[in-house]
Amino acid sequence: MKRSVLSRPGVAVVASALSLALATGCSDSGSDSGSGDKSTGGKGATATVKALSGAELKKRLVGKGDLAGYRFAAADQSERFASSKEEITVVDDKCAPLAYVLTGFAPGDSTAYVNTMATPVEAKPSASSTKSMEDMTEEELDDALNSITDTLGGTVTIVSLSSYEGDGAQKAMSSVSDAVKGCAGGFTATAKGAKDDAEKFTKVEAEKASGSGDESVAFAVTADADGDKIVVHGEAVRHGSTVATYYSMNLAVFLADGKPKEYGIPAELIKAQAAKLA
């Protein structure tokens, strides 16, 4: 990767860009309305299996100690695309499940949901990582810059869990699958109070899913960011009455001449999350 040649004040600018890039929305927990019979872990079958609560989902959400080489954290409330899925408007309703996956919300009418943001980290942090910019030497500042640009070149993933009653989980998966097929030409999503700042997605393509859980659906979405084309990846995986969704984005595009390499949703993240739901 090309190293940044930013000035000292530019370090803060890059850090801010990273923060903005993660504004798709992460929260500790939330809830949606749901009704019906309980769902089983089997495909298409229903039985008396209790939908998990937000607290139970949180215990099963992948996090610190579950996967080496990653940092897990929630974004600040002020950085979220919307405070709830009800505040998101999608021009074509059938595409809404994709917009929900890409903003960290449950794709269907869940009883509860939780999510987290996973970012890759270096095995050995820089010795200057605990210093303020004003106290750094030029060499330490260069190390800090390199660390930031390496992070920008990494893949950030939002992992979400949502639970459902009755056949809600199966319906949520079907809605995602139908959206992938029916929204190939793209869609537009807008948050309440931000009509002039709509998120435009120009193309949706089906991708090979991980095969994890009882059923899985994967897709790639091309976003239009001020004329630049950015490809992001999503996947929904059902584990009984719980649906895990993943949204990955490579941040190299936020560098001056960023050209992200081909990437996808980290397989190790899906495997680690599946293990916690087993």
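For the structure itself, consult the block above.
Residues numbered from 1 in each chain as written. Predicted model: local features only at pLDDT ≥ 70, side-chain atom pairs only at ≥ 80, totals over all residues. Heavy atoms only, no water.

J.: Is there a simple way to explain the overall build of the protein chain in this structure?
T.: A count of helices and strands for the protein chain gives six helices and nine strands. For the protein chain, with 278 residues in total, the buried portion stands at 47%. Taking the contacts inside the protein chain whose residues are at least 6 apart along the sequence as the reference set, 71% of them involve residues at least 24 apart. Total accessible area computed for the protein chain in this model is approximately 13800 Å², and 50% of it derives from carbon and sulfur atoms. (Helix = DSSP H or I, 4+ residues; strand = E, 2+ residues; numbered from the N terminus. Buried < 20%, exposed > 50% of the residue type's maximum accessible area, 1.4 Å probe, protein only. Contact = heavy atoms within 4.5 Å. Areas by Shrake-Rupley, 256 points an atom, 1.4 Å probe, with all protein chains shown as cover.)

J.: In this structure, what is going on with the nonpolar core? I would like to understand it.
T.: In globular proteins that are soluble, nonpolar side chains generally tend to be buried together. Ranked by size, the top nonpolar core spans 38 residues in total, and within it V90, L98, L102, F187, F219 and V232 carry the most contacts. For this core, the secondary-structure elements that each account for two or more residues are β2 (88-90), α3 (96-101), α5 (168-182), β5 (187-191), β6 (199-207), β7 (215-225), β8 (228-239) and β9 (242-250). The greatest single-element share of this core, amounting to six residues, is contributed by α5. In contact with L98, not counting residues within four places along its chain, are V176, A179, V180, C183, F187, V204 and F219. Of all hydrophobic cores here, the second largest spans 20 residues; its members include L52, V62, I265 and A272. (Core = buried A, V, L, I, M, F, W, Y, C linked by side-chain atoms within 4.5 Å.)

J.: Help me understand the pattern of salt bridges, please; the structure alone is not making it clear to me.
T.: Two side chains bearing opposite charge may form a pair once their charged atoms approach each other closely. In total, this model carries five salt bridges according to the counting rule given. For R238, the salt bridge is made with D214, and the minimal N-O distance between the two is 3.7 Å. Of this pair, R238 sits in strand β8 while D214 sits in the loop between β6 and β7, placing them 24 residues apart in sequence. Judged by its relative accessible area of 0%, R238 is buried. The class of D214 is partly exposed, set by a relative accessible area of 28%. Between R238 and E215 there is a salt bridge, with its nearest N and O atoms 2.7 Å apart. Note that R238 is positioned in strand β8 and E215 in strand β7, a separation of 23 residues in sequence. E215 gets classed as partly exposed once you look at its relative accessible area, which sits at 23%. What you see here is one network of salt bridges that share partners, running through D214, E215 and R238. (Salt bridge = Lys/Arg side-chain N within 4 Å of Asp/Glu carboxyl O.)

Bear in mind that shape data such as this cannot, by itself, settle questions of function.
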